[in-house]
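Each chain is listed here by its residues.
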Amino acid sequence: MEKNIEAVLNKYPEGSVDNLIPILQDIQEVDGFLSEESVVKVGEYLNMPASKIYGVATFYNQFRFTPLGKYHIQVCCGTACHVLGSATVLEEIEKNLGVKSGQTAKDGIFSLEVVACIGACGLAPVISINGNFHAKVTSESIKEILDNYRNKE
Amino acid sequence: MSFLIKVNNKEIEARNGETILDAMERQGIQVPTLCHLKDMLPSGSCRMCVVENAKNNRLVTACSTPVEEGMEIQTHSSGVIESRKTIVELLLSNHPDDCLYCVRNKNCELQDLSEELQIRERRIKGVKNNIHLDRSGTSLVRDPDKCILCGRCVRVCEEVMGVACIDFINRGSQSIIGPPFDRTLNTSSCVNCGQCIMVCPTGALSEKSHFPELISMLNNPEKTVVVQYAPSISVSLAEEFNMPAGGDISSIMNAALRKIGFQYVFDTSFGADLTIMEEAAELVNRIENGDTLPMITSCCPGWVKFAEQFYPDMLPNLSSCKSPQQMMGAVIKSYWAEQLNKNPEDIYSVAIMPCTAKKFEAQREEMTSRGITDVDAVLTTRELGQLIRMYGIDINNISPEATDSPLGFRSSAGKIFGASGGVMEAAIRTAYNMITGEELLKFKVEELRGLDGCKEAQLKVDDLTINVAVVNGLANARKLLDKVNNGEKEYHFIEVMACPGGCINGGGQHIGAAEGAVEARMKALYDIDDKETVKTSHKNPEVIKLYKGFLGKPLEHTSHELLHTHYYKRDVIL
Ligand code: SF4
Ligand code: SF4
Ligand code: FES
């Protein structure tokens, strides 16, 4: 992981605070999340306290602070999905997994994220698990879908 | 350049570049503020200070809007009042509203604002905050439920203290303040200075209290409960009782402490005299032996933790001396206990400090030897005020009393420890004597006094020129140390106090001090120094006696064991 961070930082030789967001994005791209270690490293590099970086990073929805699960669930909360009940879907998943959006379940199998429109409005409400879309999900179908993935383990 | 603006239909002078608030303050025109901090750049985030510009009927924030020619400001138009009221109502909508149980009951800006704006009903109902209480630290308690997100703590921690251990996390209704990765304070870079408590308008930040244990000890017949108080307490306690700043009430305090039930009362300034004996000897030693310089003071526990986190390479520069509180504590449980034939285990030793970091210091592992802690509990100035009120003591009606001896006499050099520059001045007086065998002709070092964040002086001692610096406010320490590290500055000796102005403005002092209070406290200390005759630690007869009969010489075996310590690099998130 340390190597990954070094490699990212090397892309920003000027070490300017203006690069903070792109640096964090790049790290998340490689590691899947922002670890304490990486935030501290970025802080040292940009001469910025970890509290500031964490403050900035938590301001944006795009950053996560726990590693992704084996199956990463994205719940679309775009307008179409919202209108057709994505909030209930999200609630159901949160209950089922015992985690909130942005978190990873303790067993490491699932992680959860809320995303804006993923461009599949015709399938609303839609969720994507590791890139596979599941269309017109309902509170009932969620359990089945999740169990299917669980059974693969 | 100045011009006229109208405020509430009256013309007042406004200066180019200043804010509406600045111009109004000069004229004594008040508007409420919340996120605003004096002498800092405005953040303009809370909108509490809105005023109306009648020229364009717009509401603007007085704290962050520059004056413009022709402005016609209304500070209390109905629109303005309505807007302020809504802001407070919104702040109250998710607030716990448990004033009766709050440390800041009767000293809370949120209470004041809702009173001032006559808020009499809950118009906006929100979900009550329910965020974990952080009691993990040794010195501070954070109760984010009561936080109104004014950001004052964040700014002080970063801009004044140079620590930046807390910041805004998340956004919108999810916003909270806290250390990174939602850590608790004990594993953060917090140095326990308490300056954030001093600026918090609500009860979201407070010191960790030890009242229950203290009160049970006071009632335990098997314990001898002793107390010491720091040099600055006697010149700041009065404000806790609505008396003007800067009155020295040490003898009244002695009497009050005995009434509460403390059996023996000591002045930490005696410990400060000991610190000077040891520290001056250490300085002379380092200079003569060519050891690590600059030597840096170590009596401020906020600074010590700061150094352990941010400047671990400079730990050899820190004096190995314990602080006056810890020296006093160590001597009470050894020499004094022996003199009075008491078992150190049966002594409960309390310290009253202007400081929250002293609570942290007292529980450092290095401050316990053979299972005996130097100091058992630390109370802030504020907590002493609470204790006096709790015991129903009328400090306006009480006969003065003296401290207990032995360990009861202090020099005025020990007393000025309470002000930034005081430790340095006291050390110079004794170091001069140690090097030359003579006394200084003039004790006062003018350049080292006052509230400037960074002060310097050059002193001639025989044919030696000694360069010294004094910094207060850890952000200033950071600047100076970086200059020392890159070779821009060279000193023999540096005094660092974490809090701006030193202990007289510590994080345990009275909250809501009047304008000029810190100056008044400082003046009170130097007045004592002017007035008294024993102005040097090495001339303190009880100090001399203690060395003769018990400690031996400074830095020798017994002193070394009891009065010195060490530091280590800390693993916290920076
Ligand atoms: S006590 Fe000092 S270091 Fe700790 S959070 Fe408050 S201001 Fe920052
Ligand atoms: S903790 Fe206090 S000072 Fe800090 S943001 Fe909250 S209310 Fe303001
Ligand atoms: S005090 Fe002016 S915006 Fe907060």
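Computed from a prediction, not measured in an experiment: that's the story for all the values here.

Glancing now at the overall build of chain A. Of regular secondary structure, chain A possesses 7 helices and 4 strands. With respect to the principal axes defined by its C-alpha atoms, chain A has extents near 50 × 35 × 25 Å. Per-residue burial for chain A yields a buried fraction of 45% across its 153 residues. In chain A, the share of contacts with a sequence separation of at least 24, taken over all contacts with a separation of at least 6, comes to 63%. Within the structure as shown, chain A displays about 7900 Å² of accessible surface, and the carbon and sulfur contribution to it stands at 52%. Averaging the locations of the 13 positively and 19 negatively charged side chains of chain A gives two centres separated by 5 Å.

This next bit is on the overall build of chain B. Counting secondary structure elements, chain B contains 18 helices and 19 strands. Here the C-alpha coordinates of chain B stretch approximately 80 × 60 × 50 Å along the principal axes. Taking all 574 residues of chain B together, the buried fraction comes to 59%. In chain B, 73% of the contacts between residues at least 6 apart in sequence involve partners at least 24 apart. Working note: accessible area of chain B is about 23700 Å², and carbon and sulfur atoms make up 49% of it. Charge separation in chain B, taken as the distance between the mean sites of 61 positive and 76 negative side-chain charges, equals 4 Å.

All right, on to the environment of aspartate 404 of chain B then. All names here are of chain B. In this fold, aspartate 404 is placed in the loop between α12 (381–390) and α13 (412–415). Classification of aspartate 404 as buried rests on a relative accessible area of 17%. Between the C-alpha atoms of aspartate 404 and aspartate 273, which are 131 residues apart in sequence, the distance is 16 Å. Contact partners of aspartate 404, with chain neighbours within four places excluded, come to Arg258, Gln263, Tyr264, Val265 and Phe266. Within the structure, aspartate 404 has its side chain in polar contact with the side chain of arginine 258 (distance 2.9 Å).

Bringing the sheet that holds strand β3 (residues 50–53) of chain B into the picture now. Residue and element names in this part refer to chain B. One open sheet holds the 5 strands; their spatial order is β2-β1-β5-β3-β4, and the pairing between them is mixed. Since the sheet does not close on itself, it has two edges, and those belong to β2 (10–15) and β4 (58–61), each with one partner. Averaged over all pairs of adjacent strands, the angle between strand axes in this sheet comes to 40°, irrespective of strand direction. Summarising the sheet, strand β1 (residues 2–7) and strand β5 (residues 72–74) pair through 2 bridges and their orientation is parallel.

This brings us to the domain arrangement of chain A. For chain A, the assigned domains read domain 1 (2–59) and domain 2 (71–151). In this structure, domain 1 of chain A and domain 2 of chain A have C-alpha centres spaced 29 Å apart.

Within this structure, the stated rule accounts for 13 aromatic pairs over all chains. Centroid distance phenylalanine 110 of chain A to tyrosine 149 of chain A: 6.5 Å. Interplanar angle 80°. Geometry classified as edge-to-face. Residue phenylalanine 110 of chain A is located in strand β2 (residues 110–115), and its partner tyrosine 149 of chain A is located in helix α7 (residues 139–152); the two are separated by 39 residues in the primary sequence. Tyrosine 149 of chain A carries the same exposure label as phenylalanine 110 of chain A, and that label is buried. An aromatic cluster of at least three residues, connected via ring pairs, comprises Trp303, Phe306, Phe310 and Tyr311 of chain B. Above the face of the phenylalanine 241 of chain B ring, arginine 389 of chain B is positioned so that its terminal group lies 5.4 Å from the ring centre.

Residue and element names in this part refer to chain A. Enumeration according to the criterion identifies 41 salt bridges over all chains in this entry. Close ionic contact of aspartate 26 with lysine 11 constitutes a salt bridge, the shortest N to O distance being 2.7 Å. Here aspartate 26, found in helix α2 (residues 20–31), pairs with lysine 11, found in the loop between α1 (2–10) and α2; they are 15 residues apart in sequence, far enough to count as distant. Using a relative accessible area of 53% as the deciding quantity, one classes lysine 11 as exposed.

Let's shift gears to the nonpolar core. Residues and elements named next belong to chain B. Counting 72 residues, the largest nonpolar core has Trp303, Leu474 and Ile494 as its most contacted members. The element contributing the most residues to this core is helix α14 (residues 422–436), with 6 residues. The residues that make up this core include at least three from each of domain 2 (90–207) and domain 3 (212–563). Residues in contact with isoleucine 494, not counting those within four places in the same chain, are Pro294, Met295, Ile296, Thr297, Met424, Ala469, Val471, Leu480, Leu481 and Val484. Within the second largest apolar cluster, 38 residues are counted, among which are Leu237, Phe262, Ala351 and Ile388.

Think of interface size as the accessible area that goes away when the parts come together; that is how it is often given. With 15 residues of chain A at the contact, the number on the chain B side is 16 residues. The contact between chain A and chain B buries some 1300 Å² in all, and 57% of this surface belongs to carbon and sulfur atoms. Counting across the interface, chain A meets chain B through 3 salt bridges. Between arginine 183 of chain B and glutamate 36 of chain A there is a salt bridge; the shortest N-O distance is 2.4 Å. Across the contact surface, chain A and chain B share 8 residue pairs in polar contact (both at pLDDT 80 or more). Elements represented by at least two residues in the side of chain A that touches chain B include exactly α3 (36–46) and α4 (50–59) of chain A. In terms of residues, the side of chain A that touches chain B owes the most to one element, α4 of chain A, which gives 7 residues.

So, about the site of ligand 1. Surveying the vicinity of ligand 1 reveals the residues Leu140, Cys157, Val163, Cys165, Ile166, Cys190, Val191, Asn192, Cys193, Gly194 and Cys196 of chain B. Broken down by class, the residue content of the shell around ligand 1 amounts to 9 nonpolar, 2 polar and no charged.

Residue and element names in this part refer to chain A. Strands sit in the order β2-β1-β3-β4 across an open sheet of 4 strands; the sheet is mixed. Each end of this open sheet is capped by a strand with a single partner; those strands are β2 and β4 (132–134). For this sheet, the mean angle separating the axes of adjacent strands, direction not counted, is 25°. The sheet contacts of helix α6 (residues 86–97) involve β1 (71–76), β2 and β3 (127–129), and relative to β1 the element is tilted by about 155°.

Let us now look at unusual backbone geometry. Here alanine 124 of chain A and proline 125 of chain A are connected by a cis peptide whose omega angle stands at -10°. Within the secondary structure layout, proline 125 of chain A lies in the loop between β2 and β3. Of the consecutive residues leucine 293 of chain B and proline 294 of chain B, the connecting peptide bond is found in the cis state with omega at -5°. Mapped onto the fold, proline 294 of chain B is located in the loop between α8 (268–289) and β12 (295–296). The backbone of leucine 149 of chain B shows a phi angle near 60°, a positive value even though the residue is not glycine.

Okay, the site of ligand 2 next. Taken together, the residues surrounding ligand 2 are Cys147, Ile148, Leu149, Cys150, Gly151, Cys153, Ile177, Cys200, Pro201, Thr202, Ala204 and Leu205 of chain B. A breakdown of the residues in the shell around ligand 2 according to their chemical character gives 10 nonpolar, 2 polar and no charged.

What follows is about helix α2 (residues 78–93) of chain B. All names here are of chain B. Between the first and last C-alpha of α2 there are 22 Å, a value that for 16 residues agrees with the 22 Å anticipated at 1.5 Å per step. Of the residues making up α2, those classed as buried are Val80, Ser83, Arg84, Ile87, Val88, Glu89, Leu91, Leu92 and Ser93. Close packing links the buried residues of α2 with β3, β4, β5 and α3 (109–116).

Residues and elements named next belong to chain B. Domains assigned within chain B are domain 1 (2–76), domain 2 (90–207) and domain 3 (212–563). Its C-alpha centre places domain 1 at a distance of 27 Å from the equivalent point of domain 2. Each partner contributes to the interface: domain 1 provides 12 residues, whereas domain 2 provides 14 residues. Interface area for domain 1 against domain 2, summed over the two sides, is near 930 Å², with a carbon-plus-sulfur share of 69%.

As a further point, take the pairing of β2 of chain B. Residue and element names in this part refer to chain B. Bridging between β1 and β2 involves 6 bridges; their strand directions are antiparallel. For isoleucine 5, the partnering residue across the bridge sits in β2 and is isoleucine 12. Between β1 and β2, which pair antiparallel in sequence order, lie 2 residues; one of them, asparagine 8, sits at a positive phi of approximately 50°.

The rules behind these values
- Residues numbered from 1 in each chain as written.
- Chains lettered and ligands numbered in written order.
- Predicted model: local features only at pLDDT ≥ 70, side-chain atom pairs only at ≥ 80, totals over all residues.
- Heavy atoms only, no water.
- Helix = DSSP H or I, 4+ residues; strand = E, 2+ residues; numbered from the N terminus.
- Buried < 20%, exposed > 50% of the residue type's maximum accessible area, 1.4 Å probe, protein only.
- Contact = heavy atoms within 4.5 Å.
- Areas by Shrake-Rupley, 256 points an atom, 1.4 Å probe, with all protein chains shown as cover.
- Lys, Arg positive; Asp, Glu negative; His and termini not counted.
- Charge placed at Lys NZ, Arg CZ, Asp CG, Glu CD.
- Polar contact = N/O pair within 3.5 Å; in protein donor to acceptor, adjacent residues only side chain to side chain.
- Pairing = 2+ DSSP bridges.
- Axes fitted to C-alpha atoms, helices over the stretch in contact; angles between N-to-C directions.
- Domains from an automatic or database assignment.
- Phe/Tyr/Trp six-rings, centres within 6.5 Å; stacked < 30°, edge-to-face > 60°.
- Lys NZ or Arg CZ within 6 Å of the ring centre and 35° of its normal.
- Salt bridge = Lys/Arg side-chain N within 4 Å of Asp/Glu carboxyl O.
- Core = buried A, V, L, I, M, F, W, Y, C linked by side-chain atoms within 4.5 Å.
- Buried area = accessible area lost by both parts, 1.4 Å probe.
- Near = heavy atom within 4 Å.
- Nonpolar A, V, L, I, M, F, W, Y, C, P; charged D, E, K, R; others polar.
- Expected span 1.5 Å × (residues − 1).

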